[in-house]
Amino acid sequence: MARPDGRRPDQLRPVTLTRGWSTHPEGSVLVEFGATRVLCTASVTEGVPRWRKGSGLGWVTAEYAMLPRATNTRSDRESVRGKIGGRTHEISRLIGRSLRACVDLKALGENSVVLDCDVLQADGGTRTAAITGAYVALYDAVTWLAERKSLTGRVEKVMHRSVGAVSVGVIGGEPMLDLCYAEDVTAEVDMNVVCTGTGDFVEVQGTGEAGVFARDQLDALLDLGVAGCSELADAQRKALNL
């Protein structure tokens, strides 16, 4: 089945990770998955939430939002509406869980990092792009802490594994990697795979949008997702000069 942009079924969109895109945060990355663009910033604060004080553990959390014209029609800002939507809450929590999986919170010490992921332009896969870019922004923020001798462990100890994410789906009966919006809205099965750089799973979200899916389809989608995350891990290492 031909894809809108001519890619192979197992091919990622062009991926770009631009570090230092924003001047003020301790870490910032503009991540691009094709036409999807997300600005990920990492802000460091000394101390942890009240419920975590005295534990010796750090904290990493995330917030996700879309600019009003990130899509082809304008959406009101959730701050103006006075209520954050369920989708926004869900994605924010997913990003936070995913990034905590790559951090040794004890080695971070009682420091907090907030990852803000703002979608500048959406063309499918915004949450997976956000996770992939947020890892690089977090790495830079942890490096910033290390340079100021504010860590209880080395950067390599704190950031003890990498994390990336990619979407997969079934379209016309065929498994596909990294869906753009035109593919996502027609997919029979839609799935997001969050993996470490060594191929272990952090989280898998999968739904039969237009029916059910068989075990062999699930296996094929997971294989695609792991392969895609491996490529993303290479891109993260290259961006970080590791």
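Further up the page is the structure itself.
Residues numbered from 1 in each chain as written. Predicted model: local features only at pLDDT ≥ 70, side-chain atom pairs only at ≥ 80, totals over all residues. Heavy atoms only, no water.

A word on the sheet that holds strand β8 (residues 189-196)
A sheet is described by the order of its strands in space; here four strands give the open sequence β7-β6-β8-β9, paired in antiparallel fashion. The two strands at the open ends of the sheet, each matched to only one other strand, are β7 (174-177) and β9 (201-208). Neighbouring strand axes in the sheet, compared pairwise and without regard to direction, differ in orientation by 20° on average. Note that β8 and β9 share seven bridges and pair antiparallel. Pairing of Val-194 across the sheet is with Glu-203, part of β9. Packing against the sheet, helix α4 (residues 126-147) makes contact with β6 (163-171), β8 and β9, and its axis sits at approximately 160° to β6. (Pairing = 2+ DSSP bridges. Helix = DSSP H or I, 4+ residues; strand = E, 2+ residues; numbered from the N terminus. Axes fitted to C-alpha atoms, helices over the stretch in contact; angles between N-to-C directions. Contact = heavy atoms within 4.5 Å.)

Observations concerning the sheet that holds strand β2 (residues 27-33)
Ordered in space as β1-β2-β3-β5-β4, the five strands form an open sheet in which the pairing is mixed. At either margin of the open sheet sits one strand with a lone partner, and together these are β1 (15-19) and β4 (59-66). Adjacent strand axes in the sheet meet at a mean angle of 20°, parallel and antiparallel pairs treated alike. Strand direction decides the pairing type here: β1 and β2, joined by five bridges, are antiparallel. Bridge pairing in β2 links Thr-18 to Leu-30. Relative to strand β3 (residues 36-46), α4 is tilted by about 35°, and along the sheet it contacts β1, β2, β3, β4 and β5 (111-121). Sitting on the sheet, helix α7 (residues 215-240) is in contact with β1 and β2, with an inclination near 30° to β1.

A look at the packing of α4 against α7
For the pair α4 and α7, interaxial distance at closest approach is 10 Å and the crossing angle is 30°. The angle between the axes of α4 and α7 places the two elements in the roughly parallel class. The chirality of how α4 crosses α7 is right-handed. Here Thr-132, Tyr-135, Val-136, Tyr-139 and Asp-140 of α4 come into contact with α7, specifically with Leu-232, Gln-236 and Leu-240. Of the residues assigned to the contact of α4 with α7, the class counts are five nonpolar, two polar and one charged. (Parallel < 35°, antiparallel > 145°, perpendicular 65-115°, else oblique. Left-handed = near helix turned anticlockwise from the far one by under 90°. Nonpolar A, V, L, I, M, F, W, Y, C, P; charged D, E, K, R; others polar.)

A few points about α4
With 22 residues, α4 should cover 32 Å at 1.5 Å per step; its first-to-last C-alpha distance of 31 Å lies within 8% of that length. With 18 of 22 residues buried, α4 is to be regarded as a mostly interior element. Looking at the residues trailing α4, positive phi occurs at Lys-149, about 55°. (Expected span 1.5 Å × (residues − 1). Buried < 20%, exposed > 50% of the residue type's maximum accessible area, 1.4 Å probe, protein only.)

The values reported here are purely geometric and, on their own, carry no functional implication.
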